[in-house]
Structures are given as C-alpha cells and as structure tokens.
Amino acid sequence: MSFRVELPPTFAQRLAQQRGGADLTPGQGRSGGRSLVGMWVTSGSQVNAEIAAGSGLDWILIDGEHAPLSLGDIQGQLQAIAAYPTTPVVRVPFNDQVLIKQYLDLGAQNLLVPMVHTAEDAAQAVRSLRYPPEGVRGVGSALARGARWNRVENYLTRANDELVSLIVQIESAQAVENAQAIAETDGVDAIFIGPSDLAASMGLIGQQGHPEVVANVHKAIEAGRAAGKPVGINAFDPALANDYIDAGIDFILVGADVAILARQSEALAAQYIDAREGKEAGDQPDSY
C-alpha cells in the first residue's frame, strides 16, 4: 500500500476549535476560548519562518503581497513551518485565479486574499479556490505538494470542503460598507481587517489609530459578526491590539519579523551608542 498523508487542520478548523466547535452566533463575538495570536514573516527568510513557527504563536502569515517572495520561497517557508504546531496562512499578491491555483498547489492550505472590496470580489476568490463544479481551480494534484503528490487520500473530492480555507481582507472604506455581504459569501471562512490601507482609503494614511479609522474597524467587526463569520485584524500598536483582543477579536497579527529586527537593532544602538554619546532616541517609524 502506498504511503498516505493527512494534512493538518486548516485555519478555519483551528478557529472553529477555538470556539469549542460551535458556529459563531450572528450578532455576537467569539463565544469561547481566546484570540488566535500570530505574526507576519515578510523577510523572505526560511530561517525566520522556522524561528517564528517555534515561538509558541498560534499562526504565521507568510506575505506574498509586499515581500520579495517567489513561489519556491513560499514553498520553502511552508516546509520549514510544517515541523511545528503553528498554522501557516499565506497572503497572495492579489485576487488572481492563476496565482491562487499555484499557491494552493505548492501547499498553502490557508489563503488570505487582499483588496476584496465587494461580494463579487469575494465570490471570485472562492471560485479560484475551489475545484469544479463549484469553482475553476485547475486539477494538478498528482504534480503538487498541496496534495502531497497524491498521497492525501481523496484530495480532489475533499479539498473544497475540508482541506483549504479562505480569508478575505477588508481594507478600504468601500469594503467596510460591503463587509457583511462579503462575509456572507458562501465559501468565505473569515474576514481580516487591514487598518493601514483602510486608513489610506479614508485620506488618513499612516493613522491606523485615528478615531474615524477605529470606528470603521469596529463597523467591519460587527458586520462579520452579523454574518456569523470569524473576524481578524492587524494591530502592531499594543494598546490597539489589546483593545481588539479584549473586545473578542477572533484572530490577530501583532508583529512582523522585519519590524522586530528593525526595532530591536535600533534599541541596541540606542542602548550602547546613543546613550553613551548623550543622544536622545529618535522618533520611531510608523507601525504597519
């Protein structure tokens, strides 16, 4: 008998487990457990991905949108992370059928699709993620790591419903207005709010903590809850992050490998150079 492989739980399944296996009740937040806490890996480093995976965080986001990553880079990071219990999510550069197919085939089970502004955008992402007749994903499982080269039993018939998950990103004022319809789209497992681009779309670039931006964030959160879907957010500011966690956000990103290295190397310079030369520490750059 040929060797068989069972894939790890998807991020959607992790979220359901965190809620005790119960669906979200429309109009309410997380019903049990705690927020799933994660970080970005945007350096392109397989070593950084493995270090982050062993940190004890719940999930790791590999970013294919802003990081200099090839398909091989992403596959290598997924292979490094696979030895650890954390769940990897991969963000595609944009809502593209061909790229989504390639990311799934190289072994990304959990995709984050950015710049989803309407329910039609969300439905397009769902179609790209699913095999026919529900979608348009091309069949190449025998050739790809996604199905472990056909070592995952019945991959083709199980993939649509249990082996991959889809998160769509709400990151514009238009998307906030359409957030409930986006979240209600069949096949969308969760929504993720991006305050940086949201702020930019509101004419408040770099002001993720602006009261109007935060108000729109909460509007999107409530829309996701009304649709009965988990809601996540990016928040590097500890005060904002703790506020969202205390409010019952289902999942959150609180840092990035490159940001940690940048801030901690600056702290070393401040401690061992600036302090001895009588310099004051400079203003910190805006957080993502």
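Structural data are supplied above this passage.
Cut-off values and rules
Residues numbered from 1 in each chain as written. Predicted model: local features only at pLDDT ≥ 70, side-chain atom pairs only at ≥ 80, totals over all residues. Heavy atoms only, no water. Pairing = 2+ DSSP bridges. Helix = DSSP H or I, 4+ residues; strand = E, 2+ residues; numbered from the N terminus. Axes fitted to C-alpha atoms, helices over the stretch in contact; angles between N-to-C directions. Contact = heavy atoms within 4.5 Å. Core = buried A, V, L, I, M, F, W, Y, C linked by side-chain atoms within 4.5 Å. Buried < 20%, exposed > 50% of the residue type's maximum accessible area, 1.4 Å probe, protein only. Arc of directions from axis to C-beta. Salt bridge = Lys/Arg side-chain N within 4 Å of Asp/Glu carboxyl O. Right-handed = clockwise from strand over helix to strand, strands pointing away. 1 Å grid on protein atoms, 1.4 Å probe; cavity = no way out; pocket = protein on both sides within 12 Å on 5 of 7 lines; lining within 4 Å. Points joined across faces, edges and corners; volume = space filled by probe spheres on them. Nonpolar A, V, L, I, M, F, W, Y, C, P; charged D, E, K, R; others polar.

**Q** Please explain the sheet that holds strand 1 (residues 36-41) as it appears in this structure.
**A** Note on sheets: strands pair through backbone hydrogen bonds, and any given pair is parallel or antiparallel. In space, the eight strands of this closed barrel follow the order 1-2-3-4-5-6-7-8, with parallel pairing throughout. Between one strand and the next, the sheet's axes are offset by a mean angle of 25°, whatever the strand orientation. One ladder, built from two bridges, connects strand 3 (residues 87-91) with strand 4 (residues 110-113); its direction is parallel. Counted as the bridge partner of Arg91 is Leu112 from strand 4. Across the sheet, helix 3 (residues 71-81) touches strand 1, strand 2 (59-63) and strand 3, and the angle it forms with strand 2 is around 170°. In the packing of helix 10 (residues 211-226) onto the sheet, the strands contacted are strand 5 (165-170), strand 6 (190-193) and strand 7 (231-234), and the crossing angle to strand 6 comes to about 175°.

**Q** In this structure, what is going on with the nonpolar core? I would like to understand it.
**A** Across soluble globular proteins, you tend to see nonpolar side chains buried next to one another. Leu111, Tyr155 and Tyr244 are the most contacted members of the largest nonpolar core, which totals 65 residues. Among the elements that line this core, the one with the most residues is helix 10, at six residues. With 15 residues, the next largest nonpolar core counts Phe11, Trp40, Leu61 and Leu253 among its residues.

**Q** Which parts of the structure should I look at to understand helix 11 (residues 238-246)?
**A** What sets the pattern is the α-helix's 3.6 residues per turn: residues three or four places apart point alike. Three or more residues of helix 11 are buried, namely Leu240, Ala241 and Tyr244. The buried residues of helix 11 occupy one face: seen down the axis, they fall within an arc of 100°. Opposite its buried face, helix 11 presents the exposed residues Pro238 and Asp246, each directed more than 90 degrees away. Where helix 11 is buried, its residues meet helix 10, strand 7 and strand 8 (251-256). Where helix 11 ends, the next residue or the one after it, Gly248, has phi of about 95°, a positive value.

**Q** Would you mind showing me how to read the pattern of salt bridges here?
**A** As enumerated under the stated definition, the model contains ten salt bridges in all. Here Arg137 and Asp105 are joined by a salt bridge, their closest N and O atoms 3.0 Å apart. Taken as a pair, Arg137 in the loop between helix 5 (119-129) and helix 6 (155-163) and Asp105 in helix 4 (residues 97-105) lie far apart in primary sequence, 32 residues in all. Both residues of the pair, Arg137 and Asp105, belong to the buried class. When the shortest N-O distance is used, the salt bridge between Glu222 and Arg225 registers 3.2 Å. With Glu222 and Arg225 both in helix 10 and three residues apart, this pair spans about one turn of that helix. On the basis of relative accessibility, which here comes to 40%, the residue Glu222 falls in the partly exposed class. Residues participating in the shared-partner salt-bridge network are Glu6, Arg158 and Glu162.

**Q** Where do I start with helix 5 in this structure?
**A** All buried positions along helix 5 are accounted for by Ala122, Ala125, Val126, Ser128 and Leu129. Take helix 5 and look down its axis: the buried residues cluster within an arc of 160°, on one side only. Buried positions along helix 5 lie against helix 4, strand 4, strand 5 and helix 8 (179-184).

**Q** What exactly am I supposed to notice about unusual backbone geometry here?
**A** In most cases, non-glycine residues show a negative phi, while peptide bonds are predominantly trans. Cis geometry marks the peptide bond from Pro132 to Pro133, where omega comes out at 5°. Phi at Trp149 takes a positive value of approximately 55°, unusual for a residue other than glycine. Position of Trp149 relative to the elements: it lies in the loop between helix 5 and helix 6. A positive phi angle, near 55°, is found at Asn154, a position not held by glycine. Relative to the helices and strands, Asn154 is located in the loop between helix 5 and helix 6.

**Q** Please explain the pairing of strand 3 as it appears in this structure.
**A** The two faces of the sheet receive side chains in turn, since in a regular strand these alternate between them. When you tally the buried positions in strand 3, you get four out of five residues, the bulk of the element. Regarding the hand of the β-α-β motif, the stretch spanning strand 3, helix 4 and strand 4 is right-handed.

**Q** Honestly, the layout of surface pockets in this entry has me stumped. Any pointers?
**A** Unfilled space is identified by rolling a water-sized probe across the atoms. When its volume is computed, the second largest pocket comes out at roughly 240 Å³. As for the second largest pocket, its lining consists of 17 residues, of which Pro8, Ala82, Thr86, Pro88 and Gln109 are closest to the centre. Counting only elements with at least two residues in the lining of the second largest pocket, the list comes to helix 3 and strand 3. Partitioned by chemical class, the residues of the lining of the second largest pocket number nine nonpolar, five polar and three charged.

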